[in-house]
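Remarks on the overall topology
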Amino acid sequence: MTTVGLIGSGNIGGTVARLAVAAGHDVVLSNSRGPETLKDLVAELGPRAQAATPAEAAAAGALVVVTIPLRAYREVPAAPLAGKTVIDTNNYYPERDGHFPELDDESTTTSELLQAHLPESRVVKAFNNIYFAHLRALARPAGAADRSALPIAGDDAGAKAAVTAFLDSLGYDAVDVGPLAEGWRFQRDTAAYAGLYSADPNDWERPAARNAEQVRAALAAARRYADS
């Protein structure tokens with residue numbers, strides 16, 4: 001078990017925190033509004049949870065999840081994350097984040113932007129391609145017939161191994177997509193994005209388990225579409 005720092009505690013961050021506590025991890029939560037705004041979530045999660053500032057959460061976590069709007073990625077504190085594995089859940093929504101020319105022309109990816117901002121950290125892209133309610137609902141123990149898999153991407157093999165182990169503890173298998181540059185294969189508007197885990201695209205209340213083979217097929221479809 002480990003201490004997980006969370007920079008951002010909204011839908012995805014809160015869901016990861018709930019799964020982590022259920023798996024026996026300690027969590028240190030933070031957001032942009034201050035620790036006092038997290039008291040209800042901390043009370044819900046119990047003694048394994050505490051609230052802090054982003055810098056404190058970064059310093060406390062052996063593993064740190066950055067789950068904030070992309071537009072704010074430069075506000076992530078770099079110094080306390082040096083040497084650490086950082087999970088990036090970011091997605092690019094120009095209508096929310098403003099336009100990033102380097103993303104618009106596809107010369108880089110969202111997680112590569114965060115990696116450049118955190119040059120002494122080991123960034124792994126994960127959790128960005130699943131609706132938070134599905135993330136919470138689909139967790140299953142190892143060996144379960146209906147256990148789902150989530151794609152990950154990263155440039156450091158050790159960091160990806162750590163994230164794979166973390167996902168396993170939460171109730172998910174991992175599919176290694178390759179380096180951060182391949183993270184586009186499970187971003188918005190691809191076959192491996194959030195709709196993959198929905199039983200009905202018109203009914204988001206019905207999650208659908210997707211195993212590693214099904215995730216790999218969706219990732220391959222994203223590649224074929226990009227190459228067509």
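All of the points below concern the structure found in this document. (Residues numbered from 1 in each chain as written. Predicted model: local features only at pLDDT ≥ 70, side-chain atom pairs only at ≥ 80, totals over all residues. Heavy atoms only, no water.)

**Re the overall build of the chain**
Counted only if it meets this: Each helix is a run of DSSP H or I of at least 4 residues and each strand a run of E of at least 2, with the numbering of both proceeding from the N terminus. In this treatment the radius of gyration is a C-alpha quantity, and the globule benchmark scales as 2.2 Å times the residue count to the 0.38 power. The rule is simple: take the accessible area with a 1.4 Å probe, protein chains only, and divide by the maximum for that residue type; under 20% is buried, over 50% is exposed, in between is partly exposed. Each accessible area value is a Shrake-Rupley result obtained with a 1.4 Å probe; residue values ignore everything except the protein chains displayed when judging cover. Positive charges come from Lys and Arg, negative ones from Asp and Glu, while His and the chain ends are left out of the count. Charge coordinates come from a single atom per side chain, which is NZ of Lys, CZ of Arg, CG of Asp or CD of Glu.
A tally of helices and strands in the chain yields nine helices and ten strands. In terms of overall size, the chain behaves like a compact globule, its C-alpha atoms giving a radius of gyration of 17 Å where 228 residues would be expected to give roughly 17 Å. Along the first, second and third principal axes, the C-alpha atoms of the chain reach 50 × 40 × 35 Å. Classification of the 228 residues of the chain by burial places 50% in the buried group. For the chain, the accessible surface area stands at approximately 10100 Å², while carbon and sulfur atoms represent 50% of it. Within the chain, the 28 negative side-chain charges are centred at a point lying 4 Å from the centre of the 21 positive side-chain charges.

**Digging into the layout of surface pockets**
Here is the rule we go by: We place a 1 Å grid over just the protein atoms. Points where a 1.4 Å probe fits but has no way out form a cavity, open points with protein on both sides within 12 Å along at least 5 of 7 lines form a pocket, and any residue with an atom within 4 Å of a point lines it. Grid points are joined across faces, edges and corners, and a volume is the space filled by probe spheres set on the points. Think of it as three bins: nonpolar holds Ala, Val, Leu, Ile, Met, Phe, Trp, Tyr, Cys and Pro, charged holds Asp, Glu, Lys and Arg, and polar takes everything else, Gly as well.
The calculated volume of the largest pocket comes to roughly 770 Å³. Forming the walls of the largest pocket are 35 residues, and the residues nearest its centre are Gly 8, Gly 10, Thr 67, Ile 68 and Pro 69. In terms of residue count, the dominant contributor to the lining of the largest pocket is helix α1 (residues 11-22) (five residues). Per-class residue counts for the lining of the largest pocket are 16 nonpolar, 15 polar and four charged. Lining of the second largest pocket is provided by 23 residues; of these, Glu 106, Trp 184, Gln 187, Arg 188 and Thr 190 occupy positions nearest its centre. Within the residue set of the lining of the second largest pocket, elements represented by two or more residues are α5 (101-104), α6 (110-117) and α9 (212-227). Counting residues per element, the lining of the second largest pocket draws most heavily on α9, which supplies four residues. Along the lines of polarity and charge, the residues of the lining of the second largest pocket split into nine nonpolar, eight polar and six charged.

**Quick word on the sheet that holds strand β6 (residues 122-125)**
Defined as follows: Think of it this way: DSSP has to see at least two bridges between two strands before they count as a pair. Note on definitions: angles span 0 to 180 degrees between N-to-C directions of axes, and those axes are lines fitted to C-alpha atoms, for helices only across the stretch in contact. Whether two residues touch is decided by their heavy atoms; if any such pair falls within 4.5 Å, the residues are in contact.
Strand order across the open sheet formed by eight strands is β3-β2-β1-β4-β5-β6-β7-β8, with mixed pairing between neighbours. Both edges of this open sheet fall to β3 (49-51) and β8 (173-176), since each of them pairs with a single strand only. Between one strand axis and the next, the sheet turns through 25° on average, direction left out of account. In this sheet, β8 lies alongside strand β7 (residues 149-154) in parallel orientation, the contact comprising four bridges. Across the sheet, the residue bridging to Ala 149 is Asp 173, located in β8. The strands touched by helix α8 (residues 157-170) within the sheet are β1 (3-7), β4 (63-66), β5 (85-88), β6, β7 and β8, with β7 carrying the most contacts at an inclination of about 160°.

**Notes on the pairing of strand β10 (residues 203-207)**
Bridge count for strand β9 (residues 198-200) against β10 is two bridges, and the pairing is antiparallel. Bridge assignment links Asp 200 to a residue of β10, and that residue is Asp 203. Counted along the chain from β9 to the antiparallel partner β10, the turn is two residues long.

**Observations concerning the pairing of β7**
Applicable threshold: Handedness of a crossover: with both strands directed away from the viewer, a clockwise path from the first strand across the helix to the second marks it as right-handed.
Across the six residues that make up β7, a large majority, six, are buried. Side-chain alternation along β7 places Ala 149, Pro 151 and Ala 153 on one buried face and Leu 150, Ile 152 and Gly 154 on a second face that is also buried. Of the pairings in the sheet, the one linking β6 to β7 comprises two bridges and is antiparallel in character. Within β7, the residue paired with Lys 125 across the bridge is Ala 153. In the classification by handedness, the crossover that spans β7, the intervening α8 and the parallel β8 is right-handed.

**Thoughts on the environment of Asn 128**
In plain terms, the rule: In the analysis that follows, any N or O atom pair within 3.5 Å is treated as a polar contact, provided that within protein one partner can donate a hydrogen and the other can accept it, and provided that, for residues neighboring in sequence, both atoms belong to side chains.
For Asn 128, the location among the structural elements is in the loop between β6 and α7 (132-137). Overall, the relative accessible area of 4% leaves Asn 128 in the buried class. It is 8.9 Å that separates the C-alpha atoms of Asn 128 and Arg 188, two residues lying 60 residues apart in sequence. Setting aside residues up to four positions removed in sequence, Asn 128 forms contacts with Thr 89, Asn 90, Asn 91, Phe 186, Gln 187 and Tyr 193. Of note is the side chain of Asn 128, whose polar atom sits 3.0 Å from the backbone oxygen of Phe 186.

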